[in-house]
Amino acid sequence: MTRASYHNHTVFSDGAETPADFLRQAVAQGIEILGFSDHYYREGPGAETAPEWALQPRLDDAYFQNVAEVAAAAPIEVRVGLEFDWLEGSAAWYAKPAADPRLDYAIGSVHFVGRQSIDTDRAFWGGLSADELNATHRRYWEAVRDMAESRLFDIAGHLDLCKKFAFYPTEDLTAPIRDALDAIKAADMVVELNTSGWAKDCRECYPSEAILRACFRREIPVTVSADAHRACFACANFPRAYDLLARVGYRRLARFRGRERFFEPLEP
Ligand SMILES: [Zn+2]
Ligand SMILES: [Zn+2]
């Protein structure tokens, strides 16, 4: 099984290193396939600015060029992706960039409920009433469903991110989670086991084991990601992730190249 890591951020969004620096360290760690997936956030069609933590519109081409240059000189395989920040209605203006022929894969991630970020501010969660907390979780899953139904993306990023700060719903969310997973299956997407959650307040990978089991029952393929913002974390907790997936029943991992998906045996 090749050592692959697809969900990584560089200075083109909120990562700490340039693609070249990231690659150098990834090679030293024994990574064999390295993918970059900087944040792509646009408020609407033709947006000329983006928040500082996302790829700036004027740097779109520079991002692809820089990664292509790094890839051409790299001793390992390099892939280029983007992590699209799903916003209500964004299918209208993400359709074109998500179909960019330069992309090896596109990650669809929900970080916002309405225009409220759910993963940056613990105080936001602390200020919610029980009803608001339940509604935020429910709306998160509805946004995941909408993101999948757009059929623009290959990978569903960090499912159940809404648990990050360990504020859990008191309402039964079986139905919206089921609908979101059914939409992911219908769109033939891959779910990533994102290891970054193990280092957050929730102390759990994204998604939870229960949701991974629900994915397995639907025969939704998986990949393992670190969501690294520094190269030293590019394979953080991967052995733990492989063990968990094997326990759930998975026997293979998805890989990506030029929008093609293929599989390798999972070897924990
Ligand atoms: Zn993300
Ligand atoms: Zn990310």
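Residues numbered from 1 in each chain as written. Chains lettered and ligands numbered in written order. Predicted model: local features only at pLDDT ≥ 70, side-chain atom pairs only at ≥ 80, totals over all residues. Heavy atoms only, no water.

Draft legend 1. Quick peek at the overall build of the protein. Check the secondary structure of the protein and you find eight helices and eleven strands. Relative to the compact-globule value of 18 Å for 268 residues, the protein shows a C-alpha radius of gyration of 17 Å, a close match. Along the three orthogonal principal directions, the C-alpha set of the protein runs to about 55 × 45 × 35 Å. When each of the 268 residues of the protein is scored for burial, the buried share is 56%. Taking the intrachain contacts of the protein between residues at least 6 apart in sequence as the baseline, contacts between residues at least 24 apart amount to 75%. One way to put it: in the protein the 31 positive side-chain charges average out to a point 4 Å from where the 41 negative ones average out. (Helix = DSSP H or I, 4+ residues; strand = E, 2+ residues; numbered from the N terminus. Rg over C-alpha atoms; globule rule 2.2 N^0.38 Å. Buried < 20%, exposed > 50% of the residue type's maximum accessible area, 1.4 Å probe, protein only. Contact = heavy atoms within 4.5 Å. Lys, Arg positive; Asp, Glu negative; His and termini not counted. Charge placed at Lys NZ, Arg CZ, Asp CG, Glu CD.)

Draft legend 2. Representation of the coordination of the zinc ion (ligand 2). Every protein donor of the zinc ion (ligand 2) is accounted for by H7 (NE2), H9 (NE2), E83 (OE) and D227 (OD), and the metal-donor separations fall at 2.1 to 2.3 Å. Of note is the zinc ion (ligand 2), whose four donor atoms meet at the metal with angles of 83 to 174 degrees in an arrangement that counts as irregular. Each donor residue of the zinc ion (ligand 2) belongs to the same chain, with the gaps between them written as H-x1-H-x73-E-x143-D. Between the zinc ion (ligand 2) and the zinc ion (ligand 1), a separation of 3.4 Å is found, and both are coordinated by E83. Linking H7 in the loop between β1 (4-5) and α1 (19-28) with E83 in strand β3 (residues 77-85), this pair joins segments that are 76 residues apart in sequence. This pair shows no difference in class: H7 is buried, exactly as E83 is. (Donors = N, O, S within 2.8 Å, 3.2 Å for Na, K, Ca; no water. Tetrahedral: all angles 85-135°; square planar, octahedral: opposite > 155°, others 65-115°.)

Draft legend 3. Focus on the sheet that holds strand β9 (residues 222-225). What the seven strands build is an open sheet, ordered β1-β2-β3-β4-β7-β8-β9; its pairing is parallel. Taken across any chain shown, the strands that pair with only one partner, and hence form the sheet edges, are β1 and β9. Of the pairings in the sheet, the one linking strand β2 (residues 33-40) to β3 comprises eight bridges and is parallel in character. From the neighbouring strand, S37 faces β3, where its bridge partner is G81. Against the sheet, α1 touches β2 and β3, its axis set at about 145 degrees to β2. In the packing of helix α2 (residues 60-72) onto the sheet, contacts are made with β2 and β3, and the angle to β3 comes to roughly 155 degrees. (Pairing = 2+ DSSP bridges. Axes fitted to C-alpha atoms, helices over the stretch in contact; angles between N-to-C directions.)

Draft legend 4. How the structure looks around the pattern of salt bridges. Taken as a whole, this structure holds 18 salt bridges when the rule is applied. One salt bridge connects E77 with R79, and the closest N-O pair in it is separated by 2.4 Å. Each member of the salt-bridge network shares a partner with another, and the members are D61, D100 and R102. (Salt bridge = Lys/Arg side-chain N within 4 Å of Asp/Glu carboxyl O.)

Draft legend 5. Fine view of the packing of aromatic side chains. Under the counting rule described, the total for this entry stands at 19 aromatic pairs. Geometrically, the ring pair formed by Y40 and Y94 is edge-to-face, given 5.7 Å between the ring centres and 75 degrees between the ring planes. Residue Y40 is located in strand β2, and its partner Y94 is located in helix α3 (residues 91-98); the two are separated by 54 residues in the primary sequence. This pair shows no difference in class: Y40 is buried, exactly as Y94 is. (Phe/Tyr/Trp six-rings, centres within 6.5 Å; stacked < 30°, edge-to-face > 60°.)

Draft legend 6. Fine view of the environment of N134. When you line up the elements, N134 lands in helix α5 (residues 130-149). Spatially, the C-alpha atoms of N134 and L173 are 8.6 Å apart, while their sequence positions differ by 39 residues. Those residues in contact with N134, other than ones at most four positions away along the chain, are P169, T170 and E171. Polar side-chain contacts of N134 include one of 2.8 Å to the backbone nitrogen of T170. (Polar contact = N/O pair within 3.5 Å; in protein donor to acceptor, adjacent residues only side chain to side chain.)

Draft legend 7. Broad picture of unusual backbone geometry. The omega angle of the peptide bond from Y206 to P207 is -10 degrees, so this bond is cis rather than trans. Relative to the elements of secondary structure, P207 occurs in the loop between β8 (190-194) and α7 (209-217). Here the phi dihedral of R151 falls at roughly 60 degrees; this positive angle occurs in a residue that is not glycine. Relative to the helices and strands, R151 resides in the loop between α5 and β7 (155-156). The exposed category is assigned to R151, whose relative accessible area is 55%. Phi at D227 takes a positive value of approximately 55 degrees, unusual for a residue other than glycine. Within the secondary structure, D227 is located in the loop between β9 and α8 (238-248).

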